[in-house]
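# Structure at a glance
Okay, here's what each chain looks like letter by letter:
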Amino acid sequence: MSNLETFFREPIKKTDPEVSAIVKNEIKRMSEGLELIPSENVVSLAVLNALGSVFTNKYSEGYPKKRYYGGNENADAVELLAIERAKKLFGVPHANVQPYSGSPANQAVYFATCKPGDVIMGHNLPDGGHLTHGWKVNFSGSYYHSVPYHVKADGYIDLEEIKKLAMENKPKLVWCGATAYTREFPFEEIGKIADEVGAYFATDIAHISGLVAGGAHKSPVPYADIITTTTHKTLRGPRGAMIMVTEKGLKKDPELADKIDKAVFPGLQGGPHDHQTAAIAVTLGEALKPEFKEYAHQIVKNSRALAAALMKNGIKLVTNGTDNHMILIDLTPYGKGKGIFVQEALDLANITLNKNTIPADPASPFYPSGVRLGTPAITTRGLKEAEMDFVGGCIARVIKEVCTKYQLPEDKTQIKDYLKKFRSEIKNNSVIAQVKQEVIEFTKKFPLYTTLDY
Ligand SMILES: *Cc1c(COP(=O)(O)O)cnc(C)c1O
């Protein structure tokens, strides 16, 4: 047993120094940086433990007590525990914890509720929606007849448009959820529209499930039929996903839970990842503790404080603020297509976030005019409102430095060379170098893990 207790460090160091060195570098990168990608987080050592456990050795196709392989008493126990905890945490009668990740979970929802060619409605991708909600190059936009809805010029979801499109197109399935939306989702309003046209209403709370679990965002449970979520974003668990069915969903379709389970297995997947299931069980156990409520509320407090700090520094935000863990910076006051400069310059300054389209983006999705950032990971590291002035100040300094100096050429054939020049110049930029030094000093006060000594 004592060997297993040190499984994080000792075996890999001895048997594979190459991978061990890369992991060590990744720990250094994470430790010395401010992680602001809103879909990332820092999981507990207990979650890492479960994820690295011997459950990775097991095959257990099927569901608890109904497996196609032997030796599943412990796999059953851990999956049943994860299911019980999910039901308790979100207040739902049914949960499936087997989807490999968020996209396969959403695929299972389509498989359970629609036939190829059926009309589906979701939040348009360039407006902040997810690929799996009907985007044209994704399976969801190829196999189903996708009718996307949008946000208004002010950045808020356009409920009038949803109502009109739903009446005209009579969708089979309506989604609410996004990957880049900074306001509370109108679950109740969209749920009503879906009910009126006889559609299934699925909410995808991948980004905000930790906030919902901790009471820092309105729950979709009273309004949705189906709820999907990843487990690795604000919920702070392993990469994975869950699909839940509500009382409302079971009333609409008493077979819905069964349809979902059958869509996941044998419809789309083979054996579940039991090590991931064990880690999801640990995650849900953590989320049921009172400290998690505090964490969820702190994420939003930090996000609001960071939004205020950015605006104080003259930075423009989509919707002028945030209700959740996420902020969308609108860089158009400096010109169009500036997201790439900001993302890459901040990367050099040890601040990680991602370029993102903004509503009615004047540039292309590949060179968008905004950046997206969020507070789940830095909140886990212990940063509070007081620290957001520093974080916002660093971001604003780098934005002003690169956005006033660089502009993508109109001629597309010149972009590659221009970016090459940009990349070589920012390596020697003194403002970026100064911010990086300050960030490294700052992060020493907020260790990533206190007990991991690679
Ligand atoms: C992240 C995300 C997903 C997909 O999750 P993956 O695990 O990356 O497949 C689905 N929907 C929304 C809204 C997301 O934000």
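Residues numbered from 1 in each chain as written. Predicted model: local features only at pLDDT ≥ 70, side-chain atom pairs only at ≥ 80, totals over all residues. Heavy atoms only, no water.

## What to know about the overall build of the protein chain
Our working rule: A run of H or I in DSSP counts as a helix once it spans at least four residues, and a run of E counts as a strand once it spans at least two, with each numbered from the N terminus. As defined in this context, the radius of gyration uses C-alpha atoms, and a globule is described by 2.2 Å times the residue total to the power 0.38. Between buried and exposed lies partly exposed: a residue is buried under 20% and exposed over 50% of the maximum accessible area for its type, with that area taken using a 1.4 Å probe on protein chains only. In this analysis, two residues are considered to be in contact whenever any of their non-hydrogen atoms come within 4.5 Å of each other. Per-residue accessibility takes into account occlusion by the displayed protein chains alone, with areas from the Shrake-Rupley method and a 1.4 Å probe. Neither His nor the chain termini are counted; the positive set is Lys and Arg, and the negative set is Asp and Glu. To locate a charge, take NZ of a lysine, CZ of an arginine, CG of an aspartate or CD of a glutamate.
When its secondary structure is counted, the protein chain shows 19 helices and 14 strands. Relative to the compact-globule value of 22 Å for 454 residues, the protein chain shows a C-alpha radius of gyration of 23 Å, a close match. Projected onto its principal axes, the C-alpha positions of the protein chain cover 65 × 60 × 40 Å. Counting every position in the protein chain, which comprises 454 residues, the buried fraction comes to 56%. For the protein chain, long-range pairs separated by at least 24 residues make up 74% of all intrachain contacts whose partners lie at least 6 apart in sequence. When the accessible surface of the protein chain is totalled, it reaches about 19,700 Å², and 54% of it is carbon and sulfur. Here the protein chain holds 55 positive side-chain charges and 52 negative ones, and the gap between their average locations is 2 Å.

## Brief notes about the site of the ligand
What counts here: Note on terminology: near, applied to a residue and a molecule or strand, indicates that one of the residue's heavy atoms is within 4 Å of it. Polar contacts here mean pairs of N or O atoms no more than 3.5 Å apart (in protein, one a potential hydrogen donor and the other a potential acceptor; neighbouring residues in sequence count only if both atoms are side-chain atoms). Residues are sorted three ways: Asp, Glu, Lys and Arg are charged, Ala, Val, Leu, Ile, Met, Phe, Trp, Tyr, Cys and Pro are nonpolar, and all the rest, Gly among them, are polar.
Among the 13 residues in the neighbourhood of the ligand, the closest are listed as S101, S103, D204, H207 and K233. A distance of 3.0 Å separates an oxygen atom of the ligand from a polar backbone atom of G102. Between the ligand and the protein, one listed contact pairs a nitrogen atom with a side-chain N or O atom of D204 at 2.5 Å. Within the complex, 86% of the 380 Å² of free accessible area of the ligand lies under protein. Examining the composition of the shell around the ligand, we find that three residues originate from one element, helix α6 (residues 102-113), more than from any other. Across the shell around the ligand, the residue classes break down as two nonpolar, nine polar and two charged.

## Some thoughts on the UniProt feature "modified residue: N6-(pyridoxal phosphate)lysine" (unreviewed entry) in the protein chain
Note the threshold: UniProt positions are given in the numbering used here, feature names are shortened, and annotations may be inferred rather than shown by experiment.
This chain's UniProt record puts "modified residue: N6-(pyridoxal phosphate)lysine" (unreviewed entry) on K233. In this structure K233 comes out as buried when scored by relative accessible area, which is 11%. In contact with K233, not counting residues within four places along its chain, are S39, N41, A206 and H207.

## Observations concerning the UniProt feature "domain: Serine hydroxymethyltransferase-like" (unreviewed entry) in the protein chain
As annotated by UniProt and renumbered to match this structure, "domain: Serine hydroxymethyltransferase-like" (unreviewed entry) occupies residues 12-394. As annotated, residues 12-394 has a helix share of 43% and a strand share of 14%, and its two end C-alpha atoms lie 37 Å apart.

## Overview of the layout of surface pockets
Applied cut-off: Cavities and pockets were defined on a 1 Å grid built over protein atoms only: a cavity is a set of grid points that admits a 1.4 Å probe from which the probe cannot escape, a pocket is an open set flanked by protein on both sides within 12 Å along at least five of seven lines, and lining residues are those with an atom within 4 Å of any such point. Grid points are joined across faces, edges and corners, and a volume is the space filled by probe spheres set on the points. Residue ranges for the domains originate in an automatic or database domain assignment.
Quantified by volume, the second largest pocket comes out at close to 390 Å³. In this structure, the second largest pocket is lined by 19 residues; those nearest its centre are L125, T179, N354, K355 and N356. Top contributing element to the lining of the second largest pocket by residue count: strand β13 (residues 354-356), with three residues. Here the lining of the second largest pocket is composed, by residue class, of seven nonpolar, nine polar and three charged. Domain assignment of the residues forming the lining of the second largest pocket places at least three in each of domain 1 (54-287) and domain 2 (292-443).

## Details of the nonpolar core
Definition in use: Take the buried Ala, Val, Leu, Ile, Met, Phe, Trp, Tyr and Cys residues and link them wherever side-chain atoms come within 4.5 Å; each set so joined is a nonpolar core.
Residues F90, L235 and M242 are the most contacted members of the largest nonpolar core, which totals 56 residues. Structurally, this core is a two-domain feature, drawing no fewer than three residues from each of domain 1 (54-287) and domain 2 (292-443). Beyond its immediate chain neighbours, meaning those up to four positions away, M242 contacts A86, F90, N96, V97, P99, I227, T228, T229, T231, L235, I280 and L284. L331, L373, I378 and I432 belong to the second-largest nonpolar core, a separate cluster that totals 45 residues.

## Notes on a nonpolar patch on the surface
Using the following cut-off: Patch criteria: residues need more than 30% relative accessible area and no salt bridge. Like-charged residues are merged within 9 Å; nonpolar side chains of Val, Leu, Ile, Met, Phe, Trp and Tyr are merged within 5 Å. In the sections that follow, a salt bridge refers to a side-chain nitrogen of Lys or Arg positioned within 4 Å of a carboxyl oxygen of Asp or Glu.
Taken together, the side chains of Y59, Y68 and Y69 define a hydrophobic patch exposed on the protein surface, amounting to about 390 Å² of accessible area. Structurally, Y68 is set in the loop between β3 (66-67) and α5 (73-90). You can call Y68 exposed: its relative accessible area is 63%.

## Side note on the sheet that holds β13
Rule in force here: Any two strands between which DSSP finds at least two bridges are classified as paired. A fitted line through C-alpha atoms represents every axis, and for helices the fit uses only the stretch in contact; the resulting angles, taken between N-to-C directions, go from 0 to 180 degrees.
Spatially, the three strands line up as an open sheet ordered β11-β14-β13, and their pairing is antiparallel. The open sheet is flanked by β11 (326-330) and β13, the only strands paired with a single partner. On average, adjacent strands in this sheet sit at an angle of 35 degrees to one another, irrespective of strand direction. When β11 meets strand β14 (residues 370-374), the two strands line up antiparallel, connected through five bridges. Looking across to β14, one finds that I327 is bridged to L373.

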